[in-house]
Structure formats: structure tokens, C-alpha cells
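# A look at the structure
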Amino acid sequence: MLVETDNSINLLNECVSILKEYDLNLDDVTVVFKGKIINNPEDLDIDYDNSWGHCNFEDIQLIIDEHTWFERTSYDGCEKFILKVHPLLSEYKNQESHTRFFYI
């Protein structure tokens, strides 16, 4: 017997949830969606099907500061936000390894 499941996810709720994990909220970030700054978070109040095989939203960034942001990505049909950071190169002067990053 085939059991139906509800794969519906709300994009706005997903953004709020990932930010909450880092003690942030939508007021703490700049939201960029499809290359445009979103001033009204309600524009992200979109329900979508989170089942495997189809990528719904890849072009979203939640920018925390000039070094740190969340980026929407997908791998093997699974979408998620990942935290991205730029290295602070001034901290690496006279160091061989550039593997340490700035974290919030």
C-alpha cells in the first residue's frame, strides 16, 4: 500500500529556522533572491514541494555581513542553506596555511 506524505515546505519558515539556529532573525540579515534585495520578507512566503529530484530555489543568500552569509544550494536533489565565509587574509600574514576562517 502506498502511503502519501506531505512534502510541502514554506521557504520563509525555512529561512527563519536556519537563522534561529545561529541566534539571528530576518532583521539581522540582507535577503537576496534572484539577484535582488528583498525588503519584504513576506515575498519569501512560498510553499514548495521538497521531494527529491527537483531543485526549487538555488539563488537565495541571507547575508549577515561582508564576510559571512547563508547560501541556498542543492546536492543530489536535496536543497539546504549552508554557511559561507570569506577568510580574513590579514590574519594569515606570514602563515603557510590559509585554512582558518572567520566565524560569527
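The structure this text deals with has already been given above.
Notes on the structure in this doc start here. Because the structure is predicted, anything quoted here is derived from the model rather than measured. (Residues numbered from 1 in each chain as written. Predicted model: local features only at pLDDT ≥ 70, side-chain atom pairs only at ≥ 80, totals over all residues. Heavy atoms only, no water.)

## Notes on the sheet that holds strand β2 (residues 30–33)
Taken together, five strands build an open sheet; the order of strands is β3-β2-β5-β6-β7 and the sheet is antiparallel. Every interior strand has two partners, whereas the edge strands, β3 (36–38) and β7 (78–85), have only one. The mean inter-strand angle of the sheet, taken between neighbouring strand axes irrespective of direction, is 30 degrees. The pairing of strand β6 (residues 68–75) with β7 spans eight bridges and is antiparallel. Each bridged residue has a counterpart across the sheet, and for W69 the counterpart in β7 is K84. (Pairing = 2+ DSSP bridges. Helix = DSSP H or I, 4+ residues; strand = E, 2+ residues; numbered from the N terminus. Axes fitted to C-alpha atoms, helices over the stretch in contact; angles between N-to-C directions.)

## A look at the packing of aromatic side chains
Considering all chains together, one arrives at one aromatic pair under this definition. We note R72 situated over the ring of F81; from NZ or CZ to the ring centre the distance is 5.0 Å. (Phe/Tyr/Trp six-rings, centres within 6.5 Å; stacked < 30°, edge-to-face > 60°. Lys NZ or Arg CZ within 6 Å of the ring centre and 35° of its normal.)

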